[in-house]
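# Observations on the three-dimensional arrangement
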Amino acid sequence: MKVFNKTITFVVLLFSISASASIQKTLFINDINWPPFFFQEITGNNIGIGKEIIDHCLSQQDFKWQYKNLPIKRTHQHMASGELDISVYSYQKAREDFIIYGTEPIFYSQYGFASNRQDNVKINNLDDIKQYQIGHLAGLAHTQDLMKIIEEKKQLDQVTIGYSIDAMLKQLIASPQRFQILPNSIETLSWRAKQLHIENNIRIHNFILKQKAYYVTVSKASEKITEPSIFLNKMDSCIKTLKASGNYLKIIEKYGLTTQ
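Anyway, here's the lowdown on the structure attached to this text. None of the values given here were measured: they were computed from a predicted structure.

With that out of the way, let us pick up the overall build of the chain. A count of helices and strands for the chain gives eight helices and 10 strands. Buried residues in the chain amount to 47% of all 260 residues. Counting only contacts in the chain whose residues sit at least 6 apart along the sequence, the fraction spanning at least 24 positions is 73%. As presented, the chain carries roughly 14100 Å² of accessible surface, and 50% of it is formed by carbon and sulfur atoms.

In structure tokens, the structure reads:
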């Protein structure tokens, strides 16, 4: 009987260990309306460049994951608190206080300006925008020089703050106009203008303010990713493999991009 009881105890213990090991942790990832990199709603077969790459690479690790729809500012707050485990960020030193960066860019984005085509705005350098009212998407990180201009113009009541790229593009061509210049990702401005069928009303300027690399990052407060360096090394390796195999190019070509 004692041998039988010991056997039962061993089997139950072994089953418990196996069950615990098989329970996958669910990671929470920010989901913002940032086409063509992230779509909050599926558009055809498209979910966004960033999502496609993250989904592929996470499928190779022992996690489940779920996207949470959050505005930009709340994403920062939730990454700082650990309510989000993963986000995609461009590099800013101040963000290292609450996140850990991967090293392989998941994608690049060029930043520039859009205007109403009828306004005949010409932008050859950053100083050219100073004479205009600016539309600013809340929480969007710009270059230091552009942010300085925006902060100065806020004091003069020459900045309109918005929370939706679609609404701001429509405001740019509305009558009366609320602003004349809209800074954002060139890829996003182009994609949304086409989707809203206003690409003939919008001018996306050739002047590029900056090209930014974006990386997978982990919240320092995440309780689910206990070894962030190992996790990020695996994600970086996966992204490199996608690029080397040509599959990365296939993904971005679906969204009208040819180089990254």
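Once the structure has been displayed, the description carries forward.
Moving on: the packing of helix H2 (residues 49–58) against helix H7 (residues 228–245). Where H2 contacts H7, the two axes come as close as 10 Å, and the packing angle between them is 115°. Here H2 and H7 pass one another in a crossing that is right-handed. Along the contact surface, H2 presents Ile53, Ile54, His56, Cys57 and Leu58, while H7 presents Phe231, Met235, Cys238, Ile239 and Leu242.

Here we take up the environment of Asn125. Mapped onto the secondary structure, Asn125 falls in the loop between strand E5 (107–116) and strand E6 (134–137). Given the relative accessible area of 34%, Asn125 is considered partly exposed. Along the sequence, Asn125 and Met235 sit 110 residues apart, while their C-alpha atoms lie 37 Å from each other.

Scanning all chains against the criterion turns up eight salt bridges. A salt bridge links Asp31 to Lys51; the nearest nitrogen and oxygen atoms lie 2.9 Å apart. Here Asp31, found in strand E1 (residues 25–31), pairs with Lys51, found in helix H2; they are 20 residues apart in sequence, far enough to count as distant. Residue Lys51 is classed as buried on the basis of its relative accessible area, which comes to 8%.

With that settled, consider the packing of aromatic side chains. Within this structure, the stated rule accounts for 14 aromatic pairs. Taken together, a centroid distance of 5.4 Å and an interplanar angle of 35° make the contact between Phe39 and Trp191 tilted. Taken together, the positions of Phe39 in the loop between E1 and H2 and Trp191 in helix H6 (residues 186–195) put the pair 152 residues apart, joining distant regions of the chain. With respect to burial, Phe39 and Trp191 carry one shared label: buried.

Here we take up helix H5 (residues 165–172). Most of H5 is tucked away, with six of its eight residues classed as buried. Of the residues making up H5, those classed as buried are Ile165, Asp166, Met168, Leu169, Gln171 and Leu172. On the buried face of H5, the contacting elements are E5, E6, strand E7 (159–162), strand E8 (181–185), H6 and strand E9 (202–204). Its side-chain oxygen 3.4 Å from the backbone nitrogen of Asp166, Ser164 forms the N-cap of H5.

The next subject is the state of the cysteines. Enumeration over the complete set of coordinates arrives at one disulfide. Each sulfur of the disulfide joining Cys57 and Cys238 lies 2.1 Å from the other. Classification of the bridge connecting Cys57 and Cys238 rests on its S-S torsion, roughly -85°, and on that basis the disulfide is left-handed. Here Cys238 lies in helix H7 and Cys57 lies in helix H2, a separation of 181 residues in the sequence. We classify Cys57 as buried; its relative accessible area is 1%.

About the criteria used
- Residues numbered from 1 in each chain as written.
- Predicted model: local features only at pLDDT ≥ 70, side-chain atom pairs only at ≥ 80, totals over all residues.
- Heavy atoms only, no water.
- Helix = DSSP H or I, 4+ residues; strand = E, 2+ residues; numbered from the N terminus.
- Buried < 20%, exposed > 50% of the residue type's maximum accessible area, 1.4 Å probe, protein only.
- Contact = heavy atoms within 4.5 Å.
- Areas by Shrake-Rupley, 256 points an atom, 1.4 Å probe, with all protein chains shown as cover.
- Axes fitted to C-alpha atoms, helices over the stretch in contact; angles between N-to-C directions.
- Left-handed = near helix turned anticlockwise from the far one by under 90°.
- Salt bridge = Lys/Arg side-chain N within 4 Å of Asp/Glu carboxyl O.
- Phe/Tyr/Trp six-rings, centres within 6.5 Å; stacked < 30°, edge-to-face > 60°.
- Polar contact = N/O pair within 3.5 Å; in protein donor to acceptor, adjacent residues only side chain to side chain.
- Disulfide = S-S within 2.5 Å.

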